[in-house]
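# Structural overview for review
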2 protein chains.
Amino acid sequence: MLKFDKHIFICINQRPTDSPRPSCGESHGMELVELFKKKLKEKKLSINVRAQRTGCLDVCDFGPTLVVYPEGVFYVGVQPSDVEEIIEEHIIANRPVQRLVLDKSKY
Amino acid sequence: MLKFDKHIFICINQRPTDSPRPSCGESHGMELVELFKKKLKEKKLSINVRAQRTGCLDVCDFGPTLVVYPEGVFYVGVQPSDVEEIIEEHIIANRPVQRLVLDKSKY
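Bear in mind that the values here come from a model prediction, so they are computed numbers and not experimental data.

Now for the pattern of salt bridges. Residues and elements named next belong to chain B. Inspection of every chain in the model, using the stated rule, returns 18 salt bridges over all chains. A salt bridge links Asp82 to Arg99, with the nearest nitrogen and oxygen atoms 3.1 Å apart. Here Asp82 is found in the loop between β4 (73-75) and α2 (83-92), whereas its partner Arg99 is found in the segment after α2, with 17 residues between them in sequence. For Asp82, a relative accessible area of 7% corresponds to the buried category. Residue Arg99 is classed as exposed on the basis of its relative accessible area, which comes to 54%.

See below:
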């Protein structure tokens, strides 16, 4: 039995401003964390589903990124406007939002 | 197919010093992150296994804590001296280290 039915880890990694690689933390990573937490609470899902900040998920070039476990589905280029759809479709209905899923041929 | 065979999230949450709840970040959370990364690299596992920092895993009273996905096994009270055993037993041999696994009757 899992402690959480779904566990969402959202990258908020912040590189130095002169780094050649992009940072999810700069691209609204923390805004995504807060938005997931708020919506999960509103939908009364926050006992069995947890969303939280994490460090670099190693797919920086496609950020902002997050991963949903136990499935291990990586989402890339996630916008605040995508959060509702990810919760309704993936978290509740178990249908990952394919248009945002990491294309594994790219890494 | 998972991006990582095992994905280890280690809490480094740091509460204000006057908080009544303990913080994994104060109790060598970051030391555990660095130790996992170092050992995974030494053992040439760091392509398929990722260890990284995360925020609060919601089991603060039993910290320092970490979770290994895709299994969703939570470890509590983890000491730096436990890292080698977790890697050899759980990450490599798929046998979670039961003496450190979160007792689900406690939460």
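On to the relation of the copies chain B and chain A. Once chain B is rotated about the relating axis by 180° and shifted along it by 0.0 Å, it coincides with chain A to within an RMSD of 0.0 Å. On this basis, the relationship between the two copies can be described by a two-fold rotation axis. If distances are taken from each C-alpha of chain B to the rotation axis, the shortest is found for Thr54(B), at 2.0 Å.

Residue and element names in this part refer to chain A. Relative to each other, helix α1 (residues 29-42) and helix α2 (residues 83-92) sit at 50°, their axes nearing to 10 Å. In terms of axis orientation, α1 runs oblique to α2. Crossing handedness for the pair α1 and α2: right-handed. Here Leu32, Leu35, Phe36, Lys39 and Leu40 of α1 come into contact with α2, specifically with Val83, Glu84, Ile86 and Ile87.

Scoring rules and cut-offs
Residues numbered from 1 in each chain as written. Chains lettered and ligands numbered in written order. Predicted model: local features only at pLDDT ≥ 70, side-chain atom pairs only at ≥ 80, totals over all residues. Heavy atoms only, no water. Salt bridge = Lys/Arg side-chain N within 4 Å of Asp/Glu carboxyl O. Helix = DSSP H or I, 4+ residues; strand = E, 2+ residues; numbered from the N terminus. Buried < 20%, exposed > 50% of the residue type's maximum accessible area, 1.4 Å probe, protein only. Least-squares fit on C-alpha atoms with pLDDT ≥ 70 in both. Axes fitted to C-alpha atoms, helices over the stretch in contact; angles between N-to-C directions. Parallel < 35°, antiparallel > 145°, perpendicular 65-115°, else oblique. Left-handed = near helix turned anticlockwise from the far one by under 90°. Contact = heavy atoms within 4.5 Å.

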